[in-house]
Amino acid sequence: MPSFVFAGVGGQGIITVAIILGRAAVIEGKPVLMTELHGMAQRGGKISVEVRIGDYKSAIIPSKTADAMVAFEELEAVRNISKLKEGGMILLNRRRIHPVSLTIKQQNYPDQIVESELKKYATITVEADRTALELGNKRVANTVMVGALFSTGLLGLDEESIIAAIKESLPERHWECNLEAFEEGKKLVLEQSAKAI
Amino acid sequence: MAYDSLLGRGGRTEFLLGNEAVGRGVYEAGVSVAATYPGTPSSEIGDVLYQVSDKMGIKFEFATNEKVALEIAAAAATGGLRSFVFMKHVGLNVAMDSFVSLAASGVKGGMVVLSADDPSMHSSQNEQDNRFLGKFAKTIVVEPSSPQELKDFVVSAFDLSEEIGHPVLVRSVTRISHVRTPVKFGEVRGKNEWNYKKDTSYVLMPENAYRAQAAVANRLDRARKSNRSKFFNRIYGDSSTLIVTSGAAYNYIDEALQMLNVKARVMKIGLSFPLDQDGILKEVELAERVVFVEEGGPFLEEQVLSICALRGINRKFYGKLNGYVPMSYEMDVDRVVVFLSEIYGIEHKQTYGGPVLPNREPVLCPGCPHRATYYVAKMAMKQKGLRNVISPTDIGCYTLGYYEPYQMGDFCFSMGSSVGSSSGFTMSAEEKVVSFIGDSTFFHGGIPALINAYHNNHNFVLVIMDNSITAMTGGQPTPETGPPFKKVDIESVVRGIGINNVFTIDPYDLKSSLETFKKALGTEELSVVISKRDCALEADRKKSPSEMKVFQINQDKCNQCYNCVRNFSCAAFYTEDGKVFIDSELCDGCSVCSEPLVCPFNAIEVKE
Ligand code: SF4
Ligand code: SF4
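Here is what the cut-offs are and how they apply
- Residues numbered from 1 in each chain as written.
- Chains lettered and ligands numbered in written order.
- Predicted model: local features only at pLDDT ≥ 70, side-chain atom pairs only at ≥ 80, totals over all residues.
- Heavy atoms only, no water.
- Helix = DSSP H or I, 4+ residues; strand = E, 2+ residues; numbered from the N terminus.
- Buried < 20%, exposed > 50% of the residue type's maximum accessible area, 1.4 Å probe, protein only.
- Contact = heavy atoms within 4.5 Å.
- Areas by Shrake-Rupley, 256 points an atom, 1.4 Å probe, with all protein chains shown as cover.
- Lys, Arg positive; Asp, Glu negative; His and termini not counted.
- Charge placed at Lys NZ, Arg CZ, Asp CG, Glu CD.
- Salt bridge = Lys/Arg side-chain N within 4 Å of Asp/Glu carboxyl O.
- Polar contact = N/O pair within 3.5 Å; in protein donor to acceptor, adjacent residues only side chain to side chain.
- Nonpolar A, V, L, I, M, F, W, Y, C, P; charged D, E, K, R; others polar.
- Pairing = 2+ DSSP bridges.
- Phe/Tyr/Trp six-rings, centres within 6.5 Å; stacked < 30°, edge-to-face > 60°.
- Lys NZ or Arg CZ within 6 Å of the ring centre and 35° of its normal.
- Domains from an automatic or database assignment.
- Right-handed = clockwise from strand over helix to strand, strands pointing away.
- Axes fitted to C-alpha atoms, helices over the stretch in contact; angles between N-to-C directions.
- Parallel < 35°, antiparallel > 145°, perpendicular 65-115°, else oblique.
- Left-handed = near helix turned anticlockwise from the far one by under 90°.
- 1 Å grid on protein atoms, 1.4 Å probe; cavity = no way out; pocket = protein on both sides within 12 Å on 5 of 7 lines; lining within 4 Å.
- Points joined across faces, edges and corners; volume = space filled by probe spheres on them.

A.B. asks: Would you explain the overall build of chain A in this entry?
C.D. replies: A count of helices and strands for chain A gives eight helices and six strands. Along the chain direction, N to C, the helices and strands of chain A fall in the order β-α-β-β-β-α-β-α-α-β-α-α-α-α. For chain A, the spread of C-alpha atoms along the principal axes amounts to about 50 × 45 × 40 Å. Scored against the burial criterion, the 197 residues of chain A give a buried share of 57%. In chain A, 62% of the contacts between residues at least 6 apart in sequence involve partners at least 24 apart. Surface summary for chain A: the accessible area is close to 7,800 Å², and the carbon and sulfur share equals 50%. Considering chain A, the positive charge centre built from 24 side chains and the negative charge centre built from 25 side chains are found 6 Å apart.

A.B. asks: How should the interface of chain A and chain B be read in this particular structure?
C.D. replies: Accessible area lost on assembly of the parts is the figure often given for the size of an interface. Each side of the interface is counted separately: chain A has 52 residues, and chain B has 59 residues. There are five salt bridges connecting chain A and chain B. In this structure, Lys57(A) engages Asp254(B) in a salt bridge whose closest nitrogen and oxygen atoms are separated by 2.3 Å. Where chain A meets chain B, there are 20 residue pairs in polar contact (both at pLDDT 80 or more). Elements that contribute at least two residues to the side of chain A that touches chain B include exactly helix 1 (14–27), strand 2 (32–37), strand 3 (46–53), helix 2 (74–79), helix 3 (100–104) and helix 4 (111–118) of chain A. For the side of chain A that touches chain B, the element with the highest residue contribution is strand 2 of chain A, accounting for six residues. The class makeup of the residues in the side of chain A that touches chain B is 23 nonpolar, 14 polar and 15 charged. For strand 2 of chain A and strand 8 (residues 179–184) of chain B, the ladder comprises two bridges, and the chain directions are antiparallel. By the bridge assignment for strand 8 of chain B, Met34(A) is matched with Arg180(B).

A.B. asks: Would you take a moment to explain the packing of aromatic side chains for this structure?
C.D. replies: Each aromatic ring pair is specified by the distance between its two centres and by the angle formed by the two planes. Applying the stated criterion to the full structure yields 22 aromatic pairs over all chains. Centroid distance Phe153(B) to Phe232(B): 5.0 Å. Interplanar angle 85°. Geometry classified as edge-to-face. Highlighted residues: Phe153(B) in helix 6 (residues 147–164) and Phe232(B) in the loop between helix 8 (206–225) and strand 9 (234–236), separated in sequence by 79 residues. The pair formed by Phe153(B) and Phe232(B) is uniform in burial state, with each residue classed as buried. Between the aromatic rings of Phe411(B) and Phe413(B), the centroid separation amounts to 4.2 Å while the plane-to-plane angle is 25°, which identifies the pairing as stacked. Residue Phe413(B) is classed as exposed on the basis of its relative accessible area of 54%. Members of the aromatic cluster, connected to one another through ring pairs, are Tyr50(B), Phe60(B), Phe62(B), Phe84(B), Phe86(B) and Phe158(B). Looking at Arg52(A), its charged tip hangs above the ring of Tyr56(A), at a distance of 3.6 Å from the centre. Just above the ring of Tyr344(B) sits the side chain of Arg289(B); from NZ or CZ to the centre is 4.6 Å.

A.B. asks: Help me understand unusual backbone geometry in this model?
C.D. replies: It is generally the case that most residues other than glycine have a negative phi and that most peptide bonds are trans. Residues and elements named next belong to chain B. The residue after Gly297, namely Pro298, is reached through a cis peptide bond having omega 5°. Position of Pro298 among the secondary structure elements: in the loop between strand 13 (289–293) and helix 11 (300–311). Along the chain, Pro483 connects to Pro484 via a cis peptide bond; the corresponding omega equals 5°. Along the chain, the position of Pro484 falls in the loop between strand 16 (461–466) and helix 16 (490–497). The phi dihedral of Tyr562 falls on the positive side, at around 65°, and the residue is not glycine. Residue position: Tyr562 is located in the loop between strand 19 (551–553) and helix 19 (563–568).

A.B. asks: Looking at this structure, how should I read the domain arrangement of chain B?
C.D. replies: What the domain assignment lists for chain B is domain 1 (4–231), domain 2 (233–344), domain 3 (369–542) and domain 4 (545–606). The C-alpha-based centres of domain 2 of chain B and domain 4 of chain B are spaced at 56 Å.

A.B. asks: Hey, could you run me through the pairing of strand 5 (residues 111–117) of chain B in this one?
C.D. replies: Here is the key point about a regular strand: its side chains alternate between the two faces of the sheet. Residue and element names in this part refer to chain B. Across the seven residues that make up strand 5, a large majority, seven, are buried. On strand 5, burial covers both faces: Met111, Val113, Ser115 and Asp117 on one face and Val112, Leu114 and Ala116 on the other are all buried. The parallel pair strand 4 (residues 83–88) and strand 5 is bridged by helix 4 (residues 89–105), and the resulting crossover is right-handed.

A.B. asks: How should the packing of helix 1 (residues 18–28) of chain B against helix 6 of chain B be read in this particular structure?
C.D. replies: Describing two packed helices takes the angle between their axes plus the distance from one axis to the other. All names here are of chain B. For the pair helix 1 and helix 6, the least separation of the axes is 8 Å and the interaxial angle reads 30°. Classified by the interaxial angle, the pair formed by helix 1 and helix 6 is roughly parallel. As helix 1 packs across helix 6, the resulting crossing turns out to be right-handed. Contacts between helix 1 and helix 6 involve Gly18, Asn19, Ala21, Val22, Arg24, Gly25, Val26 and Glu28 from the first element and Pro147, Leu150, Lys151, Val154, Val155 and Phe158 from the second.

A.B. asks: Just checking my understanding: could you explain the layout of surface pockets for this structure?
C.D. replies: Gaps left between atoms show up when a probe the size of a water molecule is rolled over them. When its volume is computed, the second largest pocket comes out at roughly 940 Å³. Along the wall of the second largest pocket there are 33 residues; nearest its centre are Leu37(A), Lys46(A), Ser48(A), His122(B) and Arg175(B). For the lining of the second largest pocket, the secondary-structure elements that each account for two or more residues are strand 3 and helix 2 of chain A together with helix 12 (333–344) of chain B. Looking at the lining of the second largest pocket, the element that brings in the most residues is strand 3 of chain A, giving four residues. Across the lining of the second largest pocket, the residue classes break down as eleven nonpolar, ten polar and twelve charged. When we break the lining of the second largest pocket down by domain, the ones giving at least three residues each are domain 1 (4–231) and domain 2 (233–344) of chain B.

A.B. asks: Teacher, can you tell me more about the sheet that holds strand 12 (residues 271–273) of chain B here?
C.D. replies: One key point about sheets: their strands pair by backbone hydrogen bonds, in either a parallel or an antiparallel sense. Residue and element names in this part refer to chain B. Pairing is mixed across the open sheet formed by seven strands, whose spatial order is 3-2-4-5-7-6-12. The outermost strands of the open sheet, each flanked by one partner alone, are strand 3 (59–62) and strand 12. Taken pair by pair, the neighbouring strands of this sheet meet at an average axis angle of 20°, ignoring direction. Along the sheet face, helix 6 touches strand 4, strand 5, strand 6 (140–142), strand 7 (168–173) and strand 12 and points at about 145° away from the line of strand 5.

A.B. asks: I'm lost on the side chain of Ser440(B) in this one. Help?
C.D. replies: Residues and elements named next belong to chain B. In this fold, Ser440 is placed in helix 15 (residues 439–455). Separated by 3.3 Å, the side chains of Ser440 and Thr470 make a polar contact. The contacts of Ser440, once residues within four sequence positions are left out, are Tyr37, Ile469, Thr470 and Thr478.

Below, the structure written as C-alpha cells:
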C-alpha cells in the first residue's frame, strides 16, 4: 500500500502526473486516493499532491510514512520532506525556481539548505526538464518523471496500465511524445541505479 | 470533451475529483436547474456543468452572485423541479437572506444547497462551519466524508428534500471536494415535470411567515423520523469508547486508532441536523466515554451534549468544548493521533518538524496585467507625493498585490468590501484612498457600494482590474463574456451611475497608464480607472506558436540598479550573485519589463 508525495511549483504539470498514476491504479482495480493543495496562485505557488494506493480512508499521508517523493523543484522537495519515511526515496528534477521574496532582496537560491537536507535521503536525480527539451517538447517533463517513478518498482503497477492511463489522460496528438518521455524516464533511473551498483 | 465520461452508464467506475462526483450526482438525481457563483473549493462543479449540463438536460448558469444563484434554484423548486445551487462556504453568507426564507417556505421539487467549506483556509478568508448556518436557517444538514459519498449523499439528499418538502444543505470541505478517488456511478433518474401552482407559502410577508414557522418545525420533525435518515449514519467497532465523528474528520479515525493500537466504537454521522437523537443516545448510554471529532464545530458535540443534559445522561466527554480536541484547522491522521493518545493515556512522541525554509508566497503569474497596474499605480502615487495611501482591496488574484513589493492591500473582508469600505475610509481619513477590485467581484458585490459612494459624494479612486474572466477559480466566464451571453460593459455601468471621471487604460502601456493614474489621483471627486487587459493565462491560450517569445537581460547593458526586481518584480526574474536573470521557462513574453519605465537602461530584450 505505497504512498507518494509530489512536490513542485504551479505550472509544472504535477497534478497531471498524479492523475495518470491514479487512473493506472483504477485500471488495475486498486483503491487509490489523491489530494492536492495549490493555494491562491494560478502559477508559481507551491503545490503538493499526495497519492496513496491501497485501502486507505485518509488521502493525507501521515508524516514520515511516504515511500517516495517525486519532486519537480528542489526547494519544494525539502519543504515536503517531513512526509517521507526514513530511508525514503526522492526522485528529483534538478530545477530551481527562485521564490520572489528572495529575488526582491537580490538573494541567491538557498542551495546549501537544500543540499544538506537532500543528503539525508536516497536522492536520485532525474533530469526531466532537460530530457524533455531533448525530446523537443518541454511540456513532457512530467511524463519523464512518471517513467522514472515506474522504474523504481515502488508503484506496484503494471506498465500497460500506466500507458493506458497516459492515453486516457491526454489527447491523442500528445500520446507519442509522452510515451517516448515515459520510456526515457525509465531509462534515467535504471542508468543511475546501474551506476550506484 | 473532458467531462463526457460523467455521462456514462450506472455501474461504471471513474477516477473523479469530489467536485466532479457532485456533477455526476446531480445528473443521477434528475436535477433540472442548477446555478452557482464560482468559489474555491466548489468551483469544479461549475466547470463540469458549464461543459456538460446541456447533455445532462440541466439548465445551468453562472449567476452574478450566490444570492441570485440561490433564488434561481428556489424558483425552479417552487414549480416542482429538482434544483441545485452550490458555492464556497462564504458564498452562503451572501445568499443567507434568501437561504433562511427558503427553509421557511419549503420546496415542492427537491432542492439541495451545497456548501464547500475550507477548514485551514487554503484559499479563503475564514473557516466558518456552514453546518451552523444550515441549523440556523433550519434546513436539513447532511455531511459526506468521501467523493463517493458526496455523490451518493447528493442523490439521497434530493430524495429526502422532496419527501419532506424541505431544502437540504450538503456540507463538503476542501479535503472531500478536492480529493480524487474511484467513484462508482449509479443509475440516472428521470426528471420532474414543471408543475407550478400559486402558493402563499412563497410570499413571506408577516401573515404567511407566521404560519411558516410552525410548518418548519413540523417538517424538521418528519425529517428526523424519516426512514431515509438511516441511510446517512454508520456505526461499527466494539469498545467502551465511543467516537462521534463526521465529514472529512472521519477519514482519519481508523488509521489513528491503528497507529495507537487502540479500539473504539465509531459513530459516523451523515445526517447532522436534525440528529437521530434516539439512535445516538442509545450508543452514548452504552459507552463509558465519548469523544467528538469533527472539522469545524463543535456542532455535533453541542447537540449531543444538550440532548444528554435533557435526558440526564452523564459520561466522560472529550471534545472541543473542554479543550481535548483543537478548535481550529482541518484534521489529519497526525493531529488525531496527538489528541487521541492523550485521551487514551498513551505515550506518543511527536517526530515531525523540518528545517526552516524561505517561503514561497503565492505570486501573480508572469505576464499578469495586475502587476503592471500595481506598478504604475504605486509610481503615480509616489510622483504625486502621496504617502500613506489607504488601499482597500478585494477578492481575486489581484489580492496578491498585498505582498511585496506592491503592498496594496490594507483592507479585505469579503466580495465587494473594497468599495464599501472606501466610502467609510473617505468619511474619516486624511489619507488618500485608492481601492482595487476585479471585474467579476465588481459585478458580484461592487455595484451597490459604488452607487453608494457616488450618491453620498465620497472622493476616492476605484481601480477596476478588468481581465474579463473569473481567474482565481480557474477561468469561469463573467458578465463580460460574449455570445451566447449578453455582454455587460463595465465602463457603461460606471458611467450609467453618473460618474464622470472614468478612465480606461491598457496596463501594459506603462507610460500612458502612469499619466492617466496621475490624472485620476488629482481629481477632486470620485473617479474610476478601468485597467483592461486579458488574463495572461487566457491570452496564452489564444497565442499562436509564432507569437511566443521570451525576454532576457543583456548583461552588458544591465547596470544592476535592481529596479526591475525590487519594484516591478515579475515572477520570472531571479538573481544569482548580484546578477539579474530572466527564467526563460517562466517568462510569458509580455514585454512590459522591457519598457523604459521598468528598465531605464534598456537592458531587457527579446531572446533570439
Ligand atoms: S532594471 Fe535594467 S539595469 Fe536595472 S537591474 Fe534590471 S535589467 Fe539591470
Ligand atoms: S517579458 Fe518581462 S515582465 Fe513579461 S513575463 Fe517576461 S520577464 Fe516577466
